[in-house]
Amino acid sequence: MNEYEPYYLIYFAVFLQLIGLTFAAFVDPYISKRHKTVILINCLLTFVLIVQNYMECSFSLQPTMFFQRKVTGIIGYSIRPVILVMWLYLICKNQRLIFAWALVIINALVHLTALFSGVCFTITPENVFERGPLGYTCHMISAVLLVYLFWLSADMYVESVDRKITSKGNVQINDISQGLSSDQMKQEIMKYGYGIEGLLPVACVLIIIISVILDSKIVFDYEPIVFLTIAIVSSNLFYYIWLHLGFVKEHEHDLQAQQRIQIMKSQIQPHFLYNTLSTIQALCLTDPDKAADTAERFGTYLRQNLNSLDQSELIPFEKEMEHTRVYAEIEQIRFPSIEVTYDVKEVEDSDLDIPALTVQPLVENAIRHGVRSKTQGIIHVSASKKESFYVITVEDNGRGFDTEVLKNQDNEHIGIQNVKERLESLCNGKLTVNSRPGEGTMVTIRIPV
């Protein structure tokens with residue numbers, strides 16, 4: 001086998017990565033236009049760098065090609081910092097990076113001096129590379145850009161971690177990990193923002209540093225492609241993966257927002273609005289004071305529901321109970337036979353946070369599908385702290401139902417399913433339903449302390 005043949009395999013691998021990345025970035029409808037442009041520019045620069053590596057190596061083997069080797073060397077040294085600046089654009093949101101571009105221009109100008117002096121580097125008529133006093137300009141400028149890139153990447157990751165921890169109520173990893181299996185722990189780490197994909201930009205910087213060290217320590221007689229160029233190709237691919245995974249997370253957040261809106265719509269049922277307004281209208285003729293009081297409560301109910309649209313995070317249990325009581329009082333005006341009792345003082349004074357619209361939909365289901373048709377309908381809401389869990393129950397003596405319908409997610413009980421999914425995703429809570437036709441229903445929520 002020819003001693004140069006293994007390099008053809010390397011070229012095949014890097015070009016395949018580059019072509020795949022270019023195609024993926026070009027057709028990807030999800031990453032922003034700005035990021036797509038940056039990735040495509042970097043693919044072009046990397047392609048030029050690969051060709052430059054090959055040409056410079058070929059010229060080094062031909063004694064008469066010393067000038068061509070000098071030109072390709074200038075191109076190679078000038079391109080590398082530009083690629084780093086492109087990566088900075090992927091990290092920075094709206095910065096122009098004037099300082100970084102100034103360094104790139106200085107680097108290019110210094111290396112252009114090789115055309116007429118040896119202050120940076122030169123290729124002798126014998127085709128020998130000689131480094132001058134400014135011969136490490138590219139290395140130093142690239143080091144500055146790498147440090148800045150590393151700092152921005154690490155800072156962005158730490159900021160996202162802090163933001164997600166804060167949004168979960170200042171939960172610490174050592175608190176999360178108690179009592180969880182390794183698989184559960186991995187899920188919690190991802191949930192709180194410690195996913196490994198967030199470290200990809202940091203890893204790219206480390207890969208570049210390692211490749212530079214390898215290039216300085218491992219030297220071959222024939223080197224048509226260097227470790228640094230291979231590392232740049234792979235890092236471009238990693239940055240694209242990181243951007244795409246970022247979109248996936250944003251898409252998940254959008255879905256959660258849509259779910260909240262859907263839940264919101266399910267809570268403001270048209271018939272509830274019409275019936276309440278009709279009740280207020282009737283009270284205006286018989287009991288104006290009560291009509292005014294009901295209108296005020298109804299306004300509070302609507303305002304609290306609309307505010308829930310903006311609640312992507314958890315809210316205090318006390319606030320959820322306030323909303324639940326307002327809703328129940330409005331329904332009790334329409335259905336005096338319904339009695340709603342509460343035993344939540346122990347938890348109401350605690351620091352328990354729950355998803356918005358958690359208890360209220362359960363009370364609404366109990367009224368609408370359970371006790372509304374009863375001569376004496378009773379709903380009891382209780383909350384207590386038991387060992388390492390908060391336990392919230394909503395129990396009624398209504399008509400009950402077959403719990404198998406929950407598995408089918410029919411429209412009648414879609415509210416319960418939505419509450420269950422949000423409890424699991426936002427606070428690792430669990431919701432169980434025990435019901436028998438004709439005997440009533442008990443819904444139990446368990447949330448880790």
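A brief structural summary. Every chain is numbered on its own, with residues counted from 1 as its sequence reads. It should be noted that, the model being predicted, local features are given only for residues of pLDDT at least 70 and side-chain atom pairs only at 80 or more, the latter also being counted only at that level, while totals for whole chains, interfaces and linings use all residues. The side-chain quantities take in all heavy atoms of the structure and omit both hydrogens and water.

## Examining the overall build of the chain
Our working definition: Numbering goes from the N terminus for both helices and strands, where a helix is a DSSP run of H or I of at least four residues and a strand is a run of E of at least two. Relative accessibility under 20% of the residue-type maximum defines a buried residue, over 50% an exposed one, and the middle range a partly exposed one, all with a 1.4 Å probe and only protein chains included. We call two residues contacting when some pair of their heavy atoms lies within 4.5 Å. Per-residue and other accessible areas follow the Shrake-Rupley method at a 1.4 Å probe size, with only the shown protein chains counted as cover for residues.
A count of helices and strands for the chain gives 16 helices and nine strands. The burial tally for the chain puts 45% of its 449 residues in the buried class. Considering only contacts within the chain whose residues lie at least 6 apart along the sequence, 71% involve residues at least 24 apart. As displayed, the chain has an accessible area near 23600 Å², and 60% of this comes from carbon and sulfur atoms.

## Examining the environment of Pro81
With respect to the helices and strands, the residue Pro81 is situated in helix α3 (residues 66-91). Spatially, the C-alpha atoms of Pro81 and Ala143 are 9.2 Å apart, while their sequence positions differ by 62 residues. Ignoring sequence-local partners within four residues, the contact set of Pro81 consists of Val104, Asn107, Cys138, Ile141, Ser142 and Leu145.

## Concerning the nonpolar core
Selection rule: The nonpolar core is taken to be a set of buried Ala, Val, Leu, Ile, Met, Phe, Trp, Tyr and Cys residues, with the residues joined through side-chain atoms within 4.5 Å.
Counting residues in hydrophobic clusters, the biggest one holds 50 residues, and the most contacted among them are Ile39, Trp87, Leu145 and Tyr239. Sort the elements by how many residues they give to this core and α3 lands first, with eleven residues. Contacts of Tyr239, omitting those with residues within four sequence positions, involve Trp87, Leu90, Ile91, Leu149, Pro201 and Cys204. Of all hydrophobic cores here, the second largest spans 42 residues; its members include Ile280, Leu314, Leu352 and Leu423.

## A look at the packing of helix α12 (residues 317-334) against helix α14 (residues 359-371)
Rule in force here: Axis angles are defined between N-to-C directions and span 0 to 180 degrees, where every axis is a line fitted to C-alpha atoms and, for a helix, only to the segment in contact. Orientation is classified from the angle alone, with under 35 degrees giving roughly parallel, over 145 giving roughly antiparallel, 65 to 115 giving roughly perpendicular, and any other angle giving oblique. By definition, any crossing whose near helix is turned counterclockwise from its far helix by less than a right angle is left-handed, and any crossing with a clockwise turn is right-handed. Ten residues, namely Ala, Val, Leu, Ile, Met, Phe, Trp, Tyr, Cys and Pro, are considered nonpolar, four, namely Asp, Glu, Lys and Arg, are considered charged, and the remaining ones, Gly among them, are considered polar.
It is the contact of α12 with α14, at a shortest axis distance of 8 Å, that shows an interaxial angle of 25 degrees. When the axis of α12 is compared with that of α14, the two are roughly parallel. The chirality of how α12 crosses α14 is right-handed. Across from Phe317, Glu320, Met321, His323, Thr324, Tyr327 and Glu331 in α12, the residues of α14 making contact are Val359, Gln360, Pro361, Val363, Glu364, Ile367 and Arg368. For the contact of α12 with α14, a count of residues per class yields seven nonpolar, three polar and four charged.

## Examining the packing of α3 against helix α4 (residues 98-112)
At a minimum axis separation of 9 Å, α3 and α4 run at an interaxial angle of 175 degrees. Here α3 lies roughly antiparallel to α4, going by the angle between them. For the pair formed by α3 and α4, the contact residues are Ile74, Tyr77, Ser78, Pro81, Val82, Val85, Met86, Leu88 and Tyr89 on the first element and Ala100, Trp101, Val104, Asn107, Ala108, His111 and Leu112 on the second. Partitioning the contact of α3 with α4 into residue classes produces 13 nonpolar, three polar and no charged.

## Quick look at the sheet that holds strand β9 (residues 440-448)
Under the convention used in this document: Here the rule is simple: two strands pair whenever DSSP picks up at least two bridges between them.
Across the sheet, five strands lie side by side as β4-β6-β7-β9-β8; this open sheet has mixed pairing. Strands at the two margins of the open sheet, each flanked by one partner only, are β4 (338-343) and β8 (430-436). On average, adjacent strands in this sheet sit at an angle of 10 degrees to one another, irrespective of strand direction. Inspection of the sheet shows strand β7 (residues 389-396) paired to β9 by eight bridges, in the antiparallel sense. Residue pairing for β9: Val394 is matched across the bridge by Val443. The strands touched by α12 within the sheet are β4, β6 (377-386) and β7, with β4 carrying the most contacts at an inclination of about 165 degrees. Those strands touched by α14 are β4, β6, β7, β8 and β9, and its axis lies near 150 degrees from that of β6.

## A look at the pattern of salt bridges
Quick reminder of the rule: Here, a salt bridge means any Lys or Arg side-chain nitrogen found within 4 Å of an Asp or Glu carboxyl oxygen.
By the definition in use, this model includes five salt bridges. The salt bridge partner of Glu329 is Arg297, with a shortest N-O separation of 1.9 Å. One end of the pair, Glu329, is in helix α12; the other, Arg297, is in helix α11 (residues 288-308), and 32 residues separate them in sequence. The exposure class assigned to Arg297 is partly exposed, which follows from its relative accessible area of 26%. Through salt bridges with shared partners, a single network forms among Asp293, Arg297 and Glu329.

## Regarding the environment of Ala154
Assignment of secondary structure puts Ala154 in helix α5 (residues 137-167). Along the backbone, Ala154 and Ala203 are 49 residues apart, and their C-alpha atoms lie at a distance of 9.8 Å.

## A closer look at the pairing of β7
The buried count for β7 comes to six of eight residues, which makes it a mostly enclosed element. Pairing between β6 and β7: eight bridges, direction antiparallel. Bridge pairing in β7 places Ser384 opposite Val391. Here β6 folds back onto β7 in antiparallel fashion, the turn holding two residues, of which Glu387 has a positive phi close to 55 degrees.

## Let's talk about the pairing of β6
The pairing of β4 with β6 spans six bridges and is parallel. Bridge pairing links Thr341 to His380 in β6.

## With respect to α12
Threshold: By definition here, a helix of n residues has an expected span of 1.5 Å times n minus one.
Counted at 1.5 Å a residue, the expected span for α12 with its 18 residues is 26 Å, and the 26 Å between its end C-alpha atoms agrees. Those residues of α12 not exposed but buried are Phe317, Glu320, Met321, His323, Thr324, Val326, Tyr327, Ala328, Ile330, Glu331, Ile333 and Arg334.

## A few points about the side chain of Asn127
So the rule is basically this: Between N or O atoms, a polar contact is any pair within 3.5 Å; within protein, one atom must be a potential hydrogen donor and the other a potential acceptor, and residues adjacent in sequence are included only when both atoms are from side chains.
Topologically, Asn127 is positioned in the loop between β1 (121-123) and β2 (129-131). Relative accessible area serves as the criterion here: at 7%, Asn127 is assigned to the buried category. Within the structure, Asn127 has its side chain in polar contact with the backbone oxygen of Gln62 (distance 2.8 Å). Ignoring sequence-local partners within four residues, the contact set of Asn127 consists of Phe59, Ser60, Gln62, Pro63, Met65, Phe66 and Arg69.

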